[in-house]
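What the coordinates show
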Amino acid sequence: GESVGLHLPTLSVQEGDNSIINCAYSNSASDYFIWYKQESGKGPQFIIDIRSNMDKRQGQRVTVLLNKTVKHLSLQIAATQPGDSAVYFCAENIRGAGSYQLTFGKGTKLSVIP
Amino acid sequence: GAGVSQTPSNKVTEKGKYVELRCDPISGHTALYWYRQSLGQGPEFLIYFQGTGAADDSGLPNDRFFAVRPEGSVSTLKIQRTERGDSAVYLCASRTGVTGELFFGEGSRLTVL
């Protein structure tokens, strides 16, 4: 791995504010994207996904935006809570064809200030 | 159990030893994945099973790494002649054949001294 990954991008947000976490993906042919949340010592946990034929998808307190023109993905968390503190990873399905062999980004650490 | 189960949760071994890590996927999930996560990094793909066969093992770093899933359920990741650089958290995930969501286990933390 690259040593730059040892220093995760961080985002500090006041409790109750909205959070926006950004991700640049690598392959214009990727057909599926997903956001995962990982708390310390635990495995990644699914948040929300989106297919390449969509620009936006909403879940409970979360919204994912996909901009295929610039290969950019974002995760918006509304009314951020202390329990949202974690590392967030975007992932893309590079291989397509239903393999869902996800390639993960480096992650962003979200810290919520009470 | 309801989720993906991985054992052991922690494994400390000496350089040169052989290690096996086990993954018990969610019942009925046909696809199973192994990932490796180093400190401060995102998970890196190792191998993917569809049923009993390895559909893609292109992520295995070298021939010291091998994985099996003989009955299409439990999988074992095997690492021969471990090296210090193998130290990482090894994550297993499973998926139904319907959606793209991967369900991850808590991981097996391997430390090679």
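Structure: above.
Computed from a predicted model, the values in this text were never measured in an experiment.

**A few points about the nonpolar core**
All names here are of chain B. Core analysis: the biggest nonpolar cluster contains 20 residues, and Trp34, Leu46, Ile47, Leu77 and Tyr90 have the highest contact counts within it. Elements represented by at least two residues in this core include exactly strand E3 (19–24), strand E4 (31–37), strand E5 (44–50), strand E7 (65–68), strand E8 (75–79), strand E9 (88–95) and strand E11 (108–112). When residues no more than four places from it in sequence are discounted, the contact partners of Tyr90 are Gln6, Leu21, Trp34, Tyr35, Arg36, Leu46, Phe65, Leu77, Ile79, Gly107, Ser108 and Leu110.

**Considering the interface of chain A and chain B**
Accessible area lost on assembly of the parts is the figure often given for the size of an interface. Listed by partner, the interface residues are 25 residues for chain A and 21 residues for chain B. Between chain A and chain B, the buried area comes to about 1800 Å², and carbon and sulfur atoms account for 49% of it. Between chain A and chain B we count 0 salt bridges in total. Viewed at the interface, chain B and chain A are joined by 4 residue pairs in polar contact (both at pLDDT 80 or more). Contributions of two or more residues to the side of chain A that touches chain B are made by strand E3 (32–38), strand E4 (45–51) and strand E9 (102–104) of chain A. Considering every element that reaches the side of chain A that touches chain B, the biggest residue donor is E3(A), with 4 residues. When the residues that make up the side of chain A that touches chain B are grouped by side-chain class, the tally is 11 nonpolar, 9 polar and 5 charged.

**Considerations on the state of the cysteines**
In the structure shown here, the tally under the stated rule is 2 disulfides over all chains. Linked covalently through their sulfurs, Cys23(A) and Cys90(A) form a disulfide whose S-S length is 1.6 Å. A residue pair is termed long-range when its members are at least 10 positions apart, and Cys23(A) in strand E2 (residues 19–24) and Cys90(A) in strand E8 (residues 86–93) qualify at 67 residues. Exposure class is identical for Cys23(A) and Cys90(A). Each is buried. Across the disulfide, Cys23(B) is cross-linked to Cys92(B) (sulfur-sulfur distance 1.9 Å). Taking the sign of the torsion about the S-S bond as the criterion, the disulfide between Cys23(B) and Cys92(B), at about -70°, is left-handed.

Parameters and conventions
- Residues numbered from 1 in each chain as written.
- Chains lettered and ligands numbered in written order.
- Predicted model: local features only at pLDDT ≥ 70, side-chain atom pairs only at ≥ 80, totals over all residues.
- Heavy atoms only, no water.
- Core = buried A, V, L, I, M, F, W, Y, C linked by side-chain atoms within 4.5 Å.
- Buried < 20%, exposed > 50% of the residue type's maximum accessible area, 1.4 Å probe, protein only.
- Helix = DSSP H or I, 4+ residues; strand = E, 2+ residues; numbered from the N terminus.
- Contact = heavy atoms within 4.5 Å.
- Buried area = accessible area lost by both parts, 1.4 Å probe.
- Salt bridge = Lys/Arg side-chain N within 4 Å of Asp/Glu carboxyl O.
- Polar contact = N/O pair within 3.5 Å; in protein donor to acceptor, adjacent residues only side chain to side chain.
- Nonpolar A, V, L, I, M, F, W, Y, C, P; charged D, E, K, R; others polar.
- Disulfide = S-S within 2.5 Å.

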